[in-house]
Amino acid sequence: MATNTGMTDETGPAAAAGVAPAGQARARRKVFIKSYGCQMNVYDSHRMADTLAPEGYVETHSPADADLVVLNTCHIREKAAEKVYSEIGRMRQLKDSAAGAGRRMVVAVAGCVAQAEGEEILRRAAPVDLVVGPQSYHRLPEMLRRVAAGEKVVDTEFPIESKFDVLAAPTGAATRARGVTAFVTVQEGCDKFCTFCVVPYTRGAEASRPAARIVAEAERLADAGVRELTLIGQNVNAYHGTGPDGREWTLARLMYRLSEIPGIARLRYTTSHPRDVTDDLVEAHRDLPALMPQLHLPVQSGADRVLAAMNRRHTRADYLSVISRLRAARPDLALSSDFIVGFPGESEADFRDTVALVDEVGYASAFSFKYSPRPGTPAADMADQVPEPVKEERLAVLQAAIERSRRAFNLRCLGSTVDVLFEKPGRHPGQLVGRSPYLQPVQVLAPATRIGDFASVTITEIAPNSLFGRLAEQQAAAPAARPAVMALGA
Ligand code: SAM
Ligand code: SF4
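Please read all numbers here as calculations on a predicted model, not as lab measurements.

The next subject is the sheet that holds strand β20 (residues 467–471). If you walk around this closed barrel you meet the 5 strands as β16-β17-β18-β20-β19, and the pairing is mixed. Averaged over all pairs of adjacent strands, the angle between their axes in this sheet comes to 55°, without regard to strand direction. Note that strand β16 (residues 417–425) and strand β19 (residues 454–462) share 5 bridges and pair antiparallel. If you follow V420 over to β19, its bridge partner there is A455.

Structurally, R209 can be placed in the loop between β10 (207–208) and α9 (211–223). Judged by its relative accessible area of 6%, R209 is buried. For R209 and E120, which are 89 residues apart along the polypeptide, the C-alpha to C-alpha distance reads 31 Å. At 2.9 Å, the side chain of R209 and the backbone oxygen of T185 are in polar contact.

Right, let's get into the sheet that holds strand β8 (residues 181–185). Backbone-to-backbone hydrogen bonds join strands into a sheet, with any given pair of strands oriented parallel or antiparallel. Read across the open sheet, the 3 strands follow the order β8-β11-β12; overall the sheet is parallel. The open sheet is flanked by β8 and β12 (266–270), the only strands paired with a single partner. Neighbour-to-neighbour, the strand axes of the sheet open up by a mean angle of 25°, direction not taken into account. Here β8 runs beside strand β11 (residues 228–232); their pairing, made up of 5 bridges, is parallel. Note on β11: the bridge partner recorded for V184 is L231. The sheet strands contacting helix α10 (residues 251–259) are β11 and β12, and the helix crosses β12 at an angle near 155°.

Turning our eyes to something else, we now look at the nonpolar core. Ranked by size, the top nonpolar core spans 55 residues in total, and within it L229 and L231 carry the most contacts. When sequence neighbours within four positions are dropped, the list of residues in contact with L231 reads V184, V186, V236, L251, L254, M255, L258, R268, Y269 and T270. Counting residues in hydrophobic clusters, the runner-up holds 22 residues, among them C74, Y85, V113 and A125.

In terms of residue burial, strand β15 (residues 365–370) counts as a mostly covered element, since 5 of its 6 residues are buried. Here strand β14 (residues 334–341) pairs with β15 via 6 bridges, running parallel. Residue pairing in the sheet places D338 in a bridge with F367 of β15. One crossover worth recording links β14 to the parallel β15 by way of helix α14 (residues 348–361), and it is right-handed.

Further remarks concern the packing of aromatic side chains. Overall, the coordinates contain 5 aromatic pairs when judged by the stated rule. When the ring of F339 is compared with that of Y363, the centres are 5.6 Å apart and the planes differ by 85°; the resulting orientation is edge-to-face. One end of the pair, F339, is in strand β14; the other, Y363, is in the loop between α14 and β15, and 24 residues separate them in sequence. Classification of F339 by relative accessible area gives buried; the value is 0%. Classification of Y363 as buried rests on a relative accessible area of 1%. With a centroid separation of 5.4 Å and 70° between ring planes, the pair formed by F343 and Y371 is classed as edge-to-face.

It is worth spelling out the environment of R146 at this point. Mapped onto the fold, R146 is located in helix α5 (residues 140–148). Under the relative-accessibility criterion, R146 is labelled partly exposed at 32%. Apart from the residues lying within four places of it in its own chain, the contact partners of R146 are E151 and V153.

What surrounds ligand 1 is a group of 16 residues, the closest being F196, Q234, Q300, D338 and S372. S372 places a main-chain nitrogen or oxygen 2.8 Å from a nitrogen atom of ligand 1. Considering ligand 1 on its own, with 560 Å² of exposed area, one finds that the protein chains cover 93% of that surface. Counting residues per element, the ones that place at least two in the shell around ligand 1 are β14 and β15. Taken together, the residues that form the shell around ligand 1 break down as 6 nonpolar, 5 polar and 5 charged.

Quick look at the side chain of R435 now. In this fold, R435 is placed in strand β17 (residues 431–435). Here R435 occupies a buried position and makes no salt bridge, while the nearest side chain of opposite charge, E423, is found at 4.2 Å. There is a polar contact of 2.8 Å between the side chain of R435 and the backbone oxygen of L439.

Procedures and definitions
Residues numbered from 1 in each chain as written. Chains lettered and ligands numbered in written order. Predicted model: local features only at pLDDT ≥ 70, side-chain atom pairs only at ≥ 80, totals over all residues. Heavy atoms only, no water. Pairing = 2+ DSSP bridges. Helix = DSSP H or I, 4+ residues; strand = E, 2+ residues; numbered from the N terminus. Axes fitted to C-alpha atoms, helices over the stretch in contact; angles between N-to-C directions. Buried < 20%, exposed > 50% of the residue type's maximum accessible area, 1.4 Å probe, protein only. Polar contact = N/O pair within 3.5 Å; in protein donor to acceptor, adjacent residues only side chain to side chain. Contact = heavy atoms within 4.5 Å. Core = buried A, V, L, I, M, F, W, Y, C linked by side-chain atoms within 4.5 Å. Right-handed = clockwise from strand over helix to strand, strands pointing away. Phe/Tyr/Trp six-rings, centres within 6.5 Å; stacked < 30°, edge-to-face > 60°. Near = heavy atom within 4 Å. Areas by Shrake-Rupley, 256 points an atom, 1.4 Å probe, with all protein chains shown as cover. Nonpolar A, V, L, I, M, F, W, Y, C, P; charged D, E, K, R; others polar. Lys, Arg positive; Asp, Glu negative; His and termini not counted. Salt bridge = Lys/Arg side-chain N within 4 Å of Asp/Glu carboxyl O.

By themselves, these figures tell us nothing about what the structure is for.
In structure tokens form, the structure reads like this:
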């Protein structure tokens, strides 16, 4: 099962945003935005679209007829960064065809690759007109005017003004088009400096948005029909924004306030660090009904030696103790994690500790990655880099353990009745797909009019990427979502 913490490539319109306001005199131009990597990039892509909408840009699914292509990039692993250069190669052809048809296509590189490589992108990739780091998206309209005047523009500053104060809010129509769940960035950047990670360099120091602004954004989303909010940040549970009372608010305090907004029925947050799981956050998992029983809590490794070399600043025992506190508060909590295999110096015994941790915790899902040396991070220069074939082998073993764990978790849900928030049409005609409280996608036969509704759904079948269920209220009459129930092995 994938969680919404996954690293995905999402192509615009992530929203069908971008309808220029009524009476807007500007010519309509088309923007194609492609998001790589984490949900922070998905959120940023939406906000870029919102900021470009008053400039007359509407989103398109097709880069071929775009006047502006924005590649919102990810630098977390080498493969992710390299993908961008191959995509730019494809954009060169489209740009040439547009020029042949007498039309100019502007190519912009945004996100963490832009931040990390800056001017180098212009040297390496001629079709690129604009390079913009994650903290400068609010300046896009002005940068595009400079590009139109013939300049090549690079902006990878960390400006004094916060982009969040300047970025345009989405229109109600844009929000509705994006669906009934939404991300809200509450915190950005990271001060933890894990030795493998580029985030502190590309996203900068940790900073929290003021609570009142987050509440205002959540109220706008709720008014447009959003029912579930996922609060996001590179280190979200380190949130410490100023509250309207002038005091510093924790993430838990913020979530209590957000749960009071009419229409907001569900809250989630990601990505958390084990060191920042405070007592009030644990208590919120016990006491706040809107907070879903699901948590992405990356551990990276199950071996203390490796955790120390990663500068994670927690041990395996610390991590397990955080989980015990959380499970004491919320016994049905569905946990997920990120793992890195083949970190420099990781021995076979260290790796076995990681696999054993998966078995011990019983994750509902998890992401696992081969260690990828990132230029400028301490681990890239460490001795004892693990050979690629060993990383591959360990990844396969770990993924098999994660899959066993995921399956066991899902099997426990079989036959149970859970609340599902229907989000969109499902895989087959007549089906809708929604999420359970544990973030599992659930396919159900239900009319499209129920998108945005909650329903009690009985889980009837477990498949590799989703669960299948039937509306509990129609249980006697309704057929199963798929004709055959899969055989469920152990
Ligand atoms: N803040 C989160 C945390 O503390 O775990 C992680 C954010 S990072 C964007 C997402 C995941 O990418 C990490 O949890 C880690 O597993 C993976 N990752 C980061 N750097 C990596 C690297 N150099 N090689 C492989 N995986 C990496
Ligand atoms: Fe990267 Fe997360 Fe470590 Fe921060 S806490 S450095 S974002 S892995």
